[in-house]
Amino acid sequence: MTHESHADFTEFATVAWPRLVRTAHMLTGDFHEAEDLVQTTLAKVYARWRKIPRDEVNAYIRRALVNNNISRVRKKRIGHLLMPFLPESIHRSHGGHADAVERSAVLVEALAVLSARQRAVVVLRYWEDMNEQEIAEALNCSVGTVKTHARRGLEALRTHPHLILHPAHQEAKR
């Protein structure tokens, strides 16, 4: 890889890292696994960097992130117990952040019950703000399949006990 191409990739990875980790965290349910997933994905993308058209980089990296996560889930095939709170939240004292961390933990726990494909569709649609066609391209499936995964995923989230009982959900019902 040329020095210019290497610098271009480094700049991209530096800027994209926080966004990719947030998306990966929603996909994996674990911050450390999310960082590992992004690292693995960026390493694979780096190997193909010169061949990726610049106007397709974001779509390519999202697709790679989702595919690497689905592969990771397939390989694991074991239950993953999520903590009801993030360890760092114990040391925080102000309620605003603690509430945000709690809501995030509840959401991550709820997302964990979805299949890898349903979770990918929900995360790409509602956190990455991608439309159904973009998601279908990223997951290499039909728009109908995306709609089915979205519908089933949202149904599962709507009936998840921690989301139903969560105070934010109760306030929204009033």
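Residues numbered from 1 in each chain as written. Predicted model: local features only at pLDDT ≥ 70, side-chain atom pairs only at ≥ 80, totals over all residues. Heavy atoms only, no water.

## Brief notes about the overall build of the protein chain
A tally of regular secondary structure across the protein chain gives nine helices and zero strands. Along the protein chain, from the amino end to the carboxyl end, the secondary structure elements read α-α-α-α-α-α-α-α-α. Looking at the protein chain as a whole, 37% of its 174 residues qualify as buried. When contacts within the protein chain are restricted to residue pairs at least 6 apart in sequence, long-range pairs at least 24 apart make up 63% of them. (Helix = DSSP H or I, 4+ residues; strand = E, 2+ residues; numbered from the N terminus. Buried < 20%, exposed > 50% of the residue type's maximum accessible area, 1.4 Å probe, protein only. Contact = heavy atoms within 4.5 Å.)

## What to know about the pattern of salt bridges
Taken as a whole and assessed by the stated rule, the structure comprises five salt bridges. Ionic pairing is found between D8 and R54, a salt bridge with its closest N-O pair at 3.0 Å. Separated by 46 residues along the polypeptide, D8 in helix α1 (residues 3-28) and R54 in the loop between α2 (31-48) and α3 (57-76) bring together distant segments of the chain. Judged by relative accessible area, D8 falls into the partly exposed class, the value being 31%. Between E33 and R72 there is a salt bridge, with the nearest N and O atoms lying 2.4 Å from each other. Of this pair, E33 sits in helix α2 while R72 sits in helix α3; the two residues are 39 residues apart in sequence, bridging distant segments of the chain. (Salt bridge = Lys/Arg side-chain N within 4 Å of Asp/Glu carboxyl O.)

## Section: the nonpolar core
The biggest cluster of nonpolar side chains holds 43 residues, and the ones touching the most others in it are L42 and L111. Contributing elements (two or more residues each) for this core: α1, α2, α3, α4 (95-111), α5 (116-126), α6 (132-139) and α7 (143-158). (Core = buried A, V, L, I, M, F, W, Y, C linked by side-chain atoms within 4.5 Å.)

## Digging into the packing of α5 against α6
Here α5 crosses α6 at 135°, and the two axes come no closer than 10 Å. Relative to α6, the element α5 is oriented oblique. For α5 against α6, the interelement crossing comes out right-handed. Side by side, α5 and α6 meet where R117, A120, V121, L124 and R125 of the first sit next to I135, A138 and L139 of the second. Of the residues assigned to the contact of α5 with α6, the class counts are six nonpolar, no polar and two charged. (Axes fitted to C-alpha atoms, helices over the stretch in contact; angles between N-to-C directions. Parallel < 35°, antiparallel > 145°, perpendicular 65-115°, else oblique. Left-handed = near helix turned anticlockwise from the far one by under 90°. Nonpolar A, V, L, I, M, F, W, Y, C, P; charged D, E, K, R; others polar.)

## Comments concerning the confidence of the model for the protein chain
The share of residues in the protein chain with pLDDT of 70 or more is 78%, and the mean pLDDT across the chain is 81. When pLDDT is averaged over each element of the protein chain, α2 comes out on top at 94 and helix α9 (residues 167-173) at the bottom at 48. Considering only residues more than four positions removed or in separate chains, one finds that residues 78-94, a stretch of pLDDT under 50, has twelve contacts. Scored below 50 in pLDDT, residues 168-174 shows five contacts in the model against residues more than four places distant or in partner chains. (pLDDT = per-residue confidence, 0-100.)

## Here we look at the side chain of E128
Examined against the element boundaries, E128 turns out to sit in the loop between α5 and α6. E128 gets classed as buried once you look at its relative accessible area, which sits at 13%. Side chain to side chain, E128 and R62 meet in a polar contact 2.8 Å long. Those residues in contact with E128 that lie beyond four places of it in its chain are R19, T23, R62 and V123. (Polar contact = N/O pair within 3.5 Å; in protein donor to acceptor, adjacent residues only side chain to side chain.)

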